[in-house]
Amino acid sequence: MIFRYCHGFFGLGLSLLLVAPVEGGQVDWSSSAFSTHLTSAGVPLDDSFRFELGAFVDGFTPTAANTADWAAHWRVAQRTAYNSETQLFAASHVVETNASPFGMTEQGYIWGLSINHPAEWVLLTNPEWTWPMAGGANPPESWTVRSSTISVVGTVDRSGEPFFLQTQAVDPANEIPWIRGSAWRSERFTETQLGDGTADWAADPDGDGKSNLTEMALDSDPLVADEPLASLVRVSSRNTLEMTVSKIPRHLLDYFVEVSGDLVTWRRDDAAVEVIVDSAAQLVVRDRTPLTGVQRRFIRLTVVLDE
Ligand SMILES: [Ca+2]
Ligand SMILES: [Ca+2]
């Protein structure tokens with residue numbers, strides 16, 4: 001199901017702001033396509049698996065003996081879904097900051113797990129996986145399952161037989177770094193509200209124009225009216241609408257920015273929008289169609305529960 005809120009602007013009378021294009025400091029990270037990836041029970045990984053690129057704070061070093069403490073120390077840089085059909089995950093992360101734990105001497109990791117199989121994990125690294133300089137002009141780094149040298153939990157077998165990657169069974173009581181939508185609603189609403197429609201994803205009980213799903217997406221209070229959302233949108237140096245969304249990495253949601261000229265047809269494909277940043281913490285998307293004296297353009301955030 002898709003729940004949406006719309007946010008539009010007319011194309012006249014907005015001042016221009018200069019926006020520098022984002023540059024360099026990139027990590028391309030992936031598995032190998034059409035390889036066999038299994039759980040500890042020998043079952044192929046399904047689409048519920050997510051892979052995260054990230055690092056651990058406070059000098060924490062993950063081991064197979066301290067898995068219970070991983071989630072509390074984990075900071076995700078980018079998340080991507082596993083595609084069971086192509087047996088692949090693949091994404092590119094532009095390093096926006098070298099603030100800890102993403103410093104140039106700090107270790108990067110790939111953590112694979114699933115909300116439906118919370119006790120099946122794989123964590124990979126390589127001593128050479130340290131974060132590139134944010135904004136640097138070097139070629140992208142390549143961190144892949146194949147190039148990992150350390151499997152903290154899980155197994156990589158480069159021969160590919162009988163598997164290329166296998167998750168490992170960990171303590172099911174371990175905390176995972178995600179909050180389900182159902183858990184978020186239970187935290188935010190009373191039993192009565194959960195039963196009477198107040199907590200429905202599309203509902204807006206505080207009347208601030210943000211559905212409950214959007215409140216979760218922006219980590220705001222669904223029962224307290226917030227400021228208007230206009231601050232998410234500005235006009236880029238190219239005279240196009242641009243939306244900046246601060247994402248909440250712990251919330252398992254997909255965020256999309258869509259544009260329209262008529263409020264009927266909404267697009268988010270490459271021909272319609274330019275994605276400037278797409279990390280775990282931020283999404284910046286720019287309309288490709290400039291504002292002109294007669295051209296009306298609209299931009300909105302669409303949020304989809306990722307469970
Ligand atoms: Ca609301
Ligand atoms: Ca609110």
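Everything numeric in this text was worked out from a predicted model, so none of it was measured.

1. Some remarks on the overall build of the protein chain
In step 1: When you go through the protein chain residue by residue, the secondary structure sums to four helices and 20 strands.
In step 2: Relative to the globule expectation of 19 Å for 307 residues, the C-alpha radius of gyration of the protein chain, 21 Å, shows essentially globular dimensions.
In step 3: Projected onto its principal axes, the C-alpha positions of the protein chain cover 60 × 55 × 40 Å.
In step 4: Per-residue burial over the protein chain gives 32% buried out of 307 residues.
In step 5: Sequence-distant contacts in the protein chain: of pairs separated by 6 or more residues, those separated by 24 or more amount to 70%.

2. Topic: the sheet that holds strand 19 (residues 282–287)
In step 1: Ordered in space as 15-16-19-18, the four strands form an open sheet in which the pairing is antiparallel. Both outer strands of the open sheet, strand 15 (233–235) and strand 18 (273–278), are each paired with one neighbouring strand and no more. Going across the sheet, the axis of each strand differs from the next one's by a mean of 20 degrees, ignoring polarity.
In step 2: Relative to strand 16 (residues 241–246), strand 15 is paired through three bridges, and the arrangement is antiparallel.

3. Considering the domain arrangement of the protein chain
In step 1: Split by domain assignment, the protein chain resolves into domain 1 (3–21 + 181–305) and domain 2 (26–169).
In step 2: Computed from C-alpha atoms alone, the centre-to-centre distance between domain 1 and domain 2 is 29 Å.
In step 3: Each side of the interface is counted separately: domain 1 has five residues, and domain 2 has eight residues.
In step 4: Considering only residue class, the side of domain 1 that touches domain 2 consists of four nonpolar, one polar and no charged.

4. Considerations on the pairing of strand 16
Note on strand geometry: in a regular strand, side chains alternate between the two faces of the sheet.
In step 1: Linking strand 15 to strand 16, which pair antiparallel, is a turn of five residues; within it Asn239 sits at a positive phi near 65 degrees.
In step 2: Across five bridges, strand 16 lies against strand 19 in antiparallel orientation. Within strand 19, the residue paired with Val245 across the bridge is Leu283.

5. A look at the environment of Ala99
In step 1: Position of Ala99 relative to the elements: it lies in the loop between strand 7 (90–94) and strand 8 (109–114).
In step 2: When the 9 C-beta atoms within 10 Å are taken as the criterion, Ala99 is described as exposed.
In step 3: Along the chain, Ala99 and Ser142 lie 43 residues apart, while their C-alpha atoms are 21 Å from each other.

6. Topic: the nonpolar core
Nonpolar side chains in soluble globular proteins tend to be buried together.
In step 1: Membership of the largest hydrophobic core comes to 34 residues, with the highest contact counts inside it found for Ile110, Leu123 and Leu124.
In step 2: At the level of secondary structure, the elements contributing two or more residues to this core comprise strand 3 (26–30), strand 5 (49–56), strand 6 (74–81), strand 8, strand 9 (120–125) and strand 11 (150–153).
In step 3: With five residues, strand 5 is the single largest residue contributor to this core.
In step 4: In this structure Ile110 touches Trp29, Phe51, Leu53, Leu124 and Trp143, once residues within four positions along its chain are discounted.
In step 5: Within the second largest apolar cluster, 23 residues are counted, among which are Met216, Ala217, Leu253 and Val273.

Calculation criteria
- Residues numbered from 1 in each chain as written.
- Chains lettered and ligands numbered in written order.
- Predicted model: local features only at pLDDT ≥ 70, side-chain atom pairs only at ≥ 80, totals over all residues.
- Helix = DSSP H or I, 4+ residues; strand = E, 2+ residues; numbered from the N terminus.
- Rg over C-alpha atoms; globule rule 2.2 N^0.38 Å.
- Buried ≥ 20, exposed ≤ 12 C-beta atoms within 10 Å, placed from the backbone.
- Contact = placed C-beta atoms within 7 Å.
- Pairing = 2+ DSSP bridges.
- Axes fitted to C-alpha atoms, helices over the stretch in contact; angles between N-to-C directions.
- Domains from an automatic or database assignment.
- Nonpolar A, V, L, I, M, F, W, Y, C, P; charged D, E, K, R; others polar.
- Core = buried A, V, L, I, M, F, W, Y, C linked by C-beta atoms within 7 Å.

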